[in-house]
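If you want the building blocks of each chain, they are given just below.
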Amino acid sequence: QTRALTDGIMSQSVPSLDRKISRYTIAEIAAKALKLPTSARTESPFSDMSMTVTSAPYVLALYDAAIVNGTADSKGAVNYYGVNSIRRSEMAVIIYRMNTYRAAQG
């Protein structure tokens, strides 16, 4: 946690590592850790995330890097569910894709 704060990956200390963390927060941490460029998108690909959401630039950077892709609902709308807590399985996929992304970048 100290290293993440020093490197600017996290903006504040986490009081307990046992607490739930939102998908928006993970997007910010992951995008900063990979030093992803800001997305040039002007519209959100996610029906539940507006471009004014504070974490939108990070979510979109991960989306452009094919690290996150959202979930299609029964009507075909793709959602990010940013305010929801992230599940272990989702976090595992993000970590795997981050490693794959890094390997592809050389």
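Preceding this section is the structure that the text describes.
Residues numbered from 1 in each chain as written. Predicted model: local features only at pLDDT ≥ 70, side-chain atom pairs only at ≥ 80, totals over all residues. Heavy atoms only, no water.

S.K.: Would you take a moment to explain the overall build of the protein chain for this structure?
M.R.: The helix and strand inventory of the protein chain stands at four helices and two strands. Starting at the N terminus, the α and β elements of the protein chain follow one another as α-α-α-β-β-α. Residue burial in the protein chain is summarised as follows: out of 106 residues, 31% are buried. Within the protein chain, contacts between residues separated by at least 24 positions form 62% of all contacts whose residues are at least 6 apart in sequence. Of the roughly 7000 Å² of accessible surface on the protein chain, a fraction of 51% belongs to carbon and sulfur atoms. (Helix = DSSP H or I, 4+ residues; strand = E, 2+ residues; numbered from the N terminus. Buried < 20%, exposed > 50% of the residue type's maximum accessible area, 1.4 Å probe, protein only. Contact = heavy atoms within 4.5 Å. Areas by Shrake-Rupley, 256 points an atom, 1.4 Å probe, with all protein chains shown as cover.)

S.K.: Just to check I follow, could you spell out the packing of aromatic side chains for this structure?
M.R.: Note on aromatic pairs: each is described by the distance of the centres and the angle between the planes. Evaluated as defined, the whole model comprises three aromatic pairs. Ring plane angle 35 degrees and centroid distance 5.8 Å describe the contact between Tyr 24 and Tyr 80, whose orientation is recorded as tilted. Pair noted here: Tyr 24 is in helix H2 (residues 23-34) and Tyr 80 is in the loop between strand E2 (78-79) and helix H4 (88-105), with a separation of 56 residues, a long-range link. Judged by its relative accessible area of 12%, Tyr 24 is buried. Geometrically, the ring pair formed by Phe 46 and Tyr 63 is edge-to-face, given 5.3 Å between the ring centres and 80 degrees between the ring planes. Of this pair, Phe 46 sits in the loop between H2 and helix H3 (56-64) while Tyr 63 sits in helix H3, and the two are 17 residues apart along the sequence. Judged by relative accessible area, Tyr 63 falls into the partly exposed class, the value being 26%. Clustering of aromatic rings is evident, with ring pairs tying together Tyr 24, Phe 46, Tyr 63 and Tyr 80. (Phe/Tyr/Trp six-rings, centres within 6.5 Å; stacked < 30°, edge-to-face > 60°.)

S.K.: Hey, could you run me through H2 in this one?
M.R.: Owing to its 3.6 residues per turn, the α-helix brings residues three or four apart onto one side. Taking 1.5 Å as the rise per residue, H2 with twelve residues should run 16 Å; its terminal C-alpha atoms sit 16 Å apart, in good agreement. Listing the buried residues of H2 in full gives Arg 23, Tyr 24, Ile 26, Ala 27, Glu 28, Ala 30, Ala 31 and Leu 34. Looking at the buried side of H2, the elements it contacts are H3 and H4. Where H2 ends, the next residue or the one after it, Lys 35, has phi of about 55 degrees, a positive value. (Expected span 1.5 Å × (residues − 1).)

S.K.: Quick question: what am I supposed to make of the packing of H2 against H4 here?
M.R.: The packing of two helices is summarised by the inter-axis angle and the distance between the axes. It is at 11 Å that the axes of H2 and H4 come closest, and there the two elements cross at 15 degrees. Considering their axes alone, H2 and H4 lie roughly parallel with respect to each other. Considering how the two elements wind past one another, H2 and H4 form a crossing that is right-handed. Contact residues: H2 offers Arg 23, Ile 26, Ala 30, Ala 33 and Leu 34, while H4 offers Glu 90, Met 91, Ile 94, Met 98, Tyr 101 and Arg 102. Residues of the contact of H2 with H4, tallied by class, amount to eight nonpolar, no polar and three charged. (Axes fitted to C-alpha atoms, helices over the stretch in contact; angles between N-to-C directions. Parallel < 35°, antiparallel > 145°, perpendicular 65-115°, else oblique. Left-handed = near helix turned anticlockwise from the far one by under 90°. Nonpolar A, V, L, I, M, F, W, Y, C, P; charged D, E, K, R; others polar.)

S.K.: How do you make sense of the pattern of salt bridges when you look at a structure like this?
M.R.: Side-chain pairs of opposite charge can arise where the charged atoms are in close proximity. Going through the model one piece at a time under the given rule, you end up with four salt bridges. Between Glu 90 and Arg 23 there is a salt bridge, with its nearest N and O atoms 3.0 Å apart. Taken together, the residues span a long stretch of sequence, with Glu 90 in helix H4 and Arg 23 in helix H2 at a distance of 67 residues. For the pair shown, Glu 90 and Arg 23 are each scored as buried. A single salt-bridge network, built from bridges that share partners, covers Arg 23, Arg 87 and Glu 90. (Salt bridge = Lys/Arg side-chain N within 4 Å of Asp/Glu carboxyl O.)

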